[in-house]
Every structure is written in C-alpha cells, then in structure tokens.
Amino acid sequence: MGKTIAEKILSVKSGTDAHAGDIVIAAVDLAFVQDTTGPLTVRQFQASSFKKLAHPEKTILFIDHAAPSPNSALSNDHLLLRDFARQTGAVLSEAGEGVCHQLVAEKYARPGDVIVGADSHTVTAGGLGAFATGMGSSDVAVAMGLGKTWFRVPETIKVEVAGRFPKGVFAKDLILHLIGQIGADGASYKSLEFGGAGVDRMPVSERLTIANMAVEAGAKVGLFPANEKTKAYLAAQGREGDYQPVAPDADAVYEKIIKINLGKLEPTVSQPHTVDHTAAVANLKGTKVQQVVIGTCTNGRLEDLKVAAGILKGKKVARGIRLVVGPASRSILLRAMKAGYIQSLVESGAIILPPGCGPCLGLHQGVLGDAESCLSTANRNFQGRMGNPKSFIYLASAATAAATALAGEIADPREVM
Ligand code: SF4
C-alpha cells in the first residue's frame, strides 16, 4: 500500500513501516522554542533532570514574540533564554532577527525533516516538505533532551489544487477559502497534504503561507511536496545541499480528497471572531477599520511587501488609518529596503516595525482600542488575540490589506492592482 508524505517521513525517521494510526518514536531534526513558551520549556527541561541537550546545534531559542521587550517581566524571560543558551550551547536567535517560523524556513528546515516547536505555527515548515508541528512546552523539553519524540501517524486529507491564481488572488485567499469550507476543526489531527499542478508551480513563499494556517483547520501538519521550486528556494538561501525530493506515493491512501481550482478563487476575508467565518471581500467592501497590519509569519515575506508597496507607491493611506508593517525577518527587511519597498511604504504613511511578531499576539506595537477594527495579514482573529477583547480582527492577504489601508475601509485589491 502506498504512503502519504506524512507516512513516508515518519517511516524514515522512526525506522518502521509507519501507517496512519500507528504510534511511532521518531528522531527529531530540529527543536525550537520562542520567548513566550521557551521559559516554561527551560524550566521543564531542568525539572526533568536532563543534563544536556541531545543536539545543541539543532536546538534554537528565538526571541521574537516580544522583541524588543516591552516590559521587565518579558525582559527577564529573555535573560533566562540567553543564560540557557550560554549554558547548553543551544542556538540563540536574538531580538530583531525575525519570527521563528520564517527563520526556520530560511535557515534550518530541510525537506523530509521532523521539526517540533513550542508554537502552533511550527507547521509553516511543511511548505518545504518537513513534518513540522507544534507541541506543548513540556513535550519540546523532552524532545530537546532525548533528540526524539512520539507521534500518532496522522490520517491525510489531500488538497488537490488545479489552475492559476487570478489577478489580486493569493495563497492567503486559498487557505482562507479552504478553512471556510471545512471549518476550524475540519482537519483535526490530520495531515493536510497539498498537491496537483497548481501546487507544483507554486513558489515556496506561497506554500509557507498555506502551511502556516493548516493548524487553523486543526491539522497536525500542512505538507507540501519538495520539488524544483523547493530546490530553488533553498539555493537562494545558500542551502541547495539541504534539498531532497519529497512526494507521496502514487497509490497513497487518503481519508478524503478536496479539489480546489485556483482560477475560481476570489479575494477572501475572515471576519471576527473565528477564522472560518469567511466571506468574499466583495461582500465586505465599505467595512471601516482603524488599523491595518501587514506582516507576521503568515504574510510578512518579501513577496507580500512587494505587493503592498506596489499598491501603495505614490499614494497615501487613508486619514485615520494606522498602517503597521512588520517584515518577518532581518533578511526580508534588508531586501525590501534594497528593492525600494520600504521607501514606498514609509512614504505612503506606514509605520515600520522591527522584524518579529509585532502586534499579532497583542503584547505590544499596535494593541487596539475598544470597538476598533483591524484588518491583518496574520492567521488568528479570535476575540482578544490582538490584546483587547473589545476589538475586532479581519484576516486577509497583503494585497487586500494594502487596498484597505488606501481606502480606510475593507477594499477589493483587484480594483487597485
Ligand atoms: Fe505566532 Fe503571530 Fe508570531 Fe506568527 S507572527 S509566531 S502567529 S505571534
């Protein structure tokens, strides 16, 4: 019987003939934490009497969620992570380097890897063909100490993608459409495996956006095959040697197959307060917002800044709009500066944040006021996500965000591109 991508990776990493439903113990290629989950992981690691990390060079501590720190409690958490890195040899990614998931994609994730992170959006690296998943702080502490962990091999839902994106429609619209269709629990503990001609020609930047939000449908992993596009992405990061092809067997067994034609998609928005409360942007035109956020691990990549800068160049954001832009990594910020995207965005009225999570989780850098609304390119819009339970969050692509910033109300990017 043929295997899905999840079954193939977990077979190799566990040294067993793994099939959906099996419990396996798999070698972990990379384990990481960030600054809100890391302190608990460190304490659990110490409480579990581990004396050293199984693989210090494959253990990364990211300071990205509250970076630079907005208060003394978080500053002390950062000190704890810095001390732990010094003591154990773990790799420390300092404030200003960027969001963990973007940096994992740029620097560490390899097709076929098993990656665990104390953050639910660890699934992002599935865009490179890695079995990457979020775990609790204690589970990650054990993986850091042992260099392995256990999994129940997930059943797989195949998403068969055909066609090409129409103008103004992007990967974000695809994943919002899919989640709207299957619901926020529509893929609970499944592997969402993407394939088809529409995926074969999709660049890794778009795959990462889609894999990032697989967990918003409850998925354990969001997996893409690794092909020539993956090879090109790794080569651009100076990591061509990390490439290996990853693909499902032709006779793999799927629990379900969902077909999506990119040509039929429209710009899509998730409305407050659930990610699966989706609507075509055309139905929400005119909805007032006070803040627009372009950034995060979902859509803070160079391609997103390029699209936004293209829409905003030579124009001004609407009066009363705060446009907050957070590049997902230092490398993205530098490249966006060189390409002139940052210049265009700043001239249009944008506030540029340091690379990191920014206002996504409501700690700082753009907390909303009572009854205010924000359209964000992030991945979550539950009540209180951005720091104020009395505010409202809409989720959309960078193009929809830029069009909205221009109009001061939710707007259709196809009308300004
Ligand atoms: Fe989490 Fe937002 Fe940071 Fe991504 S950008 S890791 S979703 S807080």
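Look above for the structure.
Attention here is on the structure that accompanies the text. (Residues numbered from 1 in each chain as written. Predicted model: local features only at pLDDT ≥ 70, side-chain atom pairs only at ≥ 80, totals over all residues. Heavy atoms only, no water.)

Considering the overall build of the chain
Right, so step 1: Each helix and strand counted, the chain has 14 helices and 18 strands in total.
Right, so step 2: Computed over C-alpha atoms, the radius of gyration of the chain comes to 20 Å, within 12% of the 22 Å expected from 2.2 N^0.38 for 417 residues, which places it in the range of a compact globule.
Right, so step 3: Along the three orthogonal principal directions, the C-alpha set of the chain runs to about 60 × 50 × 40 Å.
Right, so step 4: Buried residues in the chain amount to 59% of all 417 residues.
Right, so step 5: Restricting the contact set of the chain to residue pairs at least 6 apart, pairs at least 24 apart contribute 75%. (Helix = DSSP H or I, 4+ residues; strand = E, 2+ residues; numbered from the N terminus. Rg over C-alpha atoms; globule rule 2.2 N^0.38 Å. Buried < 20%, exposed > 50% of the residue type's maximum accessible area, 1.4 Å probe, protein only. Contact = heavy atoms within 4.5 Å.)

Here we look at the sheet that holds strand β10 (residues 221-223)
Right, so step 1: With parallel pairing, four strands are arranged side by side in an open sheet as β10-β9-β8-β11. The two strands at the open ends of the sheet, each matched to only one other strand, are β10 and β11 (256-261). Taken over all neighbouring pairs, the strand axes of this sheet differ in orientation by 20° on average, direction set aside.
Right, so step 2: The pairing of strand β8 (residues 156-162) with β11 spans six bridges and is parallel. The residue of β11 that forms the bridge with glutamate 160 is lysine 259. (Pairing = 2+ DSSP bridges. Axes fitted to C-alpha atoms, helices over the stretch in contact; angles between N-to-C directions.)

Some details on the packing of aromatic side chains
Right, so step 1: One pass over the full model with this rule turns up five aromatic pairs.
Right, so step 2: Ring centres of phenylalanine 131 and phenylalanine 151 lie 5.2 Å apart, and the angle between their planes is 70°; on these two criteria the pair is classed as edge-to-face. With phenylalanine 131 in strand β6 (residues 131-134) and phenylalanine 151 in strand β7 (residues 148-152), this pair connects stretches of sequence that are 20 residues apart. Across the pair, phenylalanine 151 and phenylalanine 131 agree in class, each one buried.
Right, so step 3: In textbook terms, an aromatic cluster arises when at least three aromatic residues are bridged by ring pairs, as seen for Phe45, Phe50 and Phe84. (Phe/Tyr/Trp six-rings, centres within 6.5 Å; stacked < 30°, edge-to-face > 60°.)

Quick word on the pattern of salt bridges
Right, so step 1: With the rule as written, the count across this model stands at 19 salt bridges.
Right, so step 2: The residue arginine 330 makes a salt bridge to glutamate 97 at a minimum N-O spacing of 3.0 Å. One end of the pair, arginine 330, is in helix α12 (residues 330-338); the other, glutamate 97, is in the loop between β4 (91-93) and α4 (100-108), and 233 residues separate them in sequence.
Right, so step 3: The class for arginine 330 is partly exposed, based on a relative accessible area of 39%.
Right, so step 4: Salt bridges here are not isolated pairs; linked through shared partners, they connect Lys13, Asp29, Arg110 and Asp113. (Salt bridge = Lys/Arg side-chain N within 4 Å of Asp/Glu carboxyl O.)

Notes on the nonpolar core
Right, so step 1: Membership of the largest hydrophobic core comes to 94 residues, with the highest contact counts inside it found for Leu10, Ile115, Phe131, Phe151, Ile294 and Leu323.
Right, so step 2: Looking at this core element by element, the count peaks at seven residues for helix α11 (residues 302-312).
Right, so step 3: In this structure phenylalanine 131 touches Ala6, Ile9, Leu10, Asp113, Val114, Ile115, Phe151, Pro154, Lys220, Val221 and Leu223, once residues within four positions along its chain are discounted.
Right, so step 4: The next biggest cluster of nonpolar side chains, apart from the first, holds 36 residues, and it includes Ile175, Ala187, Val199 and Ala211. (Core = buried A, V, L, I, M, F, W, Y, C linked by side-chain atoms within 4.5 Å.)

Quick look at the packing of helix α2 (residues 38-47) against helix α5 (residues 137-146)
Right, so step 1: Where α2 meets α5, the closest approach of the two axes is 8 Å, and the angle between their N-to-C directions is 55°. Judged by the angle between their axes, α2 and α5 are oblique. Classified by chirality, the crossing of α5 by α2 is right-handed. From α2, Leu40, Thr41, Gln44 and Phe45 reach across to α5, where they touch Ser137, Ser138, Val140, Ala141, Met144 and Gly145.
Right, so step 2: Residue composition of the contact of α2 with α5, grouped by class: five nonpolar, five polar and no charged. (Parallel < 35°, antiparallel > 145°, perpendicular 65-115°, else oblique. Left-handed = near helix turned anticlockwise from the far one by under 90°. Nonpolar A, V, L, I, M, F, W, Y, C, P; charged D, E, K, R; others polar.)

Looking at the pairing of β7
Right, so step 1: Here β7 shows a clear split, with Thr149 and Phe151 buried on one side and none of Lys148, Trp150 and Arg152 buried on the other.
Right, so step 2: As paired strands, strand β1 (residues 23-27) and β7 are joined by five bridges and run antiparallel to one another. Looking at the pairing, isoleucine 23 lines up with arginine 152 of β7.

Let's talk about helix α1 (residues 5-14)
Right, so step 1: Summarising burial for α1: seven of the 10 residues are buried, a large majority.
Right, so step 2: Within α1, burial applies to Ile5, Ala6, Glu7, Ile9, Leu10, Ser11 and Ser14.
Right, so step 3: Immediately beyond the C-terminal end of α1, within one or two residues, lies glycine 15, with a positive phi of roughly 65°.

Focus on the sheet that holds strand β5 (residues 114-117)
Right, so step 1: The strand order across the open sheet built from five strands is β4-β3-β2-β5-β6, with neighbouring strands paired in parallel fashion. Looking at strand neighbours, the two that pair on one side only are β4 and β6, the edges of this open sheet. Here the strands of the sheet are splayed against their neighbours by 20° on average, with no regard to which way each runs.
Right, so step 2: In this structure, strand β2 (residues 30-34) lies alongside β5, joined through three bridges in parallel fashion. Following the sheet pairing, phenylalanine 32 is matched in β5 by glycine 117.

Thoughts on unusual backbone geometry
Right, so step 1: Along the chain, alanine 67 connects to proline 68 via a cis peptide bond; the corresponding omega equals -5°.
Right, so step 2: Within the secondary structure, proline 68 sits in the loop between β3 (59-62) and α3 (72-88).
Right, so step 3: For the peptide bond that leads from proline 272 to histidine 273, omega is -5°, which places it in the cis range.
Right, so step 4: Following the sequence through the fold, histidine 273 ends up in the loop between β12 (268-270) and β13 (278-280).
Right, so step 5: Despite not being glycine, alanine 371 shows a phi value in the positive range, around 70°.

Examining the pairing of β2
Right, so step 1: In terms of burial, β2 is a largely internal element, five of the five residues being buried.
Right, so step 2: The side-chain alternation of β2 yields two buried faces, one formed by Leu30, Phe32 and Gln34 and the other by Ala31 and Val33.
Right, so step 3: The sheet contact formed by β2 and β3 spans four bridges and is parallel. Counterpart to alanine 31 in the pairing with β3 is threonine 59.
Right, so step 4: Each parallel crossover has a hand, and the one from β2 via α2 to β3 is right-handed. (Right-handed = clockwise from strand over helix to strand, strands pointing away.)

Such coordinate-based values are descriptive only and should not be taken to indicate function.
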